[in-house]
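Chain residues, written in single-letter form:
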Amino acid sequence: MFDYRSVAKRAGISEQDLDRLCRVIRKDFPDDEMMFELHALRAALAIESGQITLEQALKSDADAA
C-alpha cells in the first residue's frame, strides 16, 4: 500500500534500523497493515525531512518500557 521502504532507503535508514522502527510501530497496529504502513511511511518521511531523528523515533519505544 504505502512504499515506506523506498523512503527509508532515501532517508539513509539501514535495513536493521528500519526493522527496529517497524517493530515499534507494529506494537501500535498489530492487526492493521494499512495503518502500520502509513505510520511507517510518516516516520520515514519525518526522519528524511529532519523533523525527527531515528533515535527520537525509536526512543518512544524505550520510554514505554
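Now for a quick tour of the structure. (Residues numbered from 1 in each chain as written. Predicted model: local features only at pLDDT ≥ 70, side-chain atom pairs only at ≥ 80, totals over all residues. Heavy atoms only, no water.)

Of regular secondary structure, the protein possesses four helices and zero strands. For a compact globule of 65 residues, the expected C-alpha radius of gyration is about 11 Å, and the protein comes in at 11 Å, within 12% of that figure. Overall size of the protein, expressed as C-alpha extent along the three principal axes, is 30 × 25 × 20 Å. Looking at the protein as a whole, 32% of its 65 residues qualify as buried. (Helix = DSSP H or I, 4+ residues; strand = E, 2+ residues; numbered from the N terminus. Rg over C-alpha atoms; globule rule 2.2 N^0.38 Å. Buried < 20%, exposed > 50% of the residue type's maximum accessible area, 1.4 Å probe, protein only.)

Formed by 19 residues in total, the largest nonpolar core has its most connected members in Y4, L18, L21, I25, F36 and I47. Sorting the residues of this core by element identifies α1 (4-10), α2 (15-28), α3 (33-49) and α4 (54-64) as the ones contributing at least two each. The leading source of residues in this core is α3, at six residues. (Core = buried A, V, L, I, M, F, W, Y, C linked by side-chain atoms within 4.5 Å.)

Moving on, we come to the side chain of E37. Mapped onto the elements of the fold, E37 is located in helix α3. Buried charge without a salt bridge: E37, with R26 as the nearest opposite-charge side chain at an N-O distance of 6.5 Å. Aside from chain neighbours lying at most four places away, what touches E37 is M1, F2 and Y4. (Lys, Arg positive; Asp, Glu negative; His and termini not counted. Salt bridge = Lys/Arg side-chain N within 4 Å of Asp/Glu carboxyl O. Contact = heavy atoms within 4.5 Å.)

Before going further, it helps to examine the pattern of salt bridges. Working definition: two side chains of opposite charge can pair if their charged atoms are close together. Enumeration over the complete set of coordinates arrives at four salt bridges. For E48, the salt bridge identified is with R10, shortest N-O distance 2.6 Å. A residue pair is termed long-range when its members are at least 10 positions apart, and E48 in helix α3 and R10 in helix α1 qualify at 38 residues. Judged by relative accessible area, E48 falls into the partly exposed class, the value being 32%.

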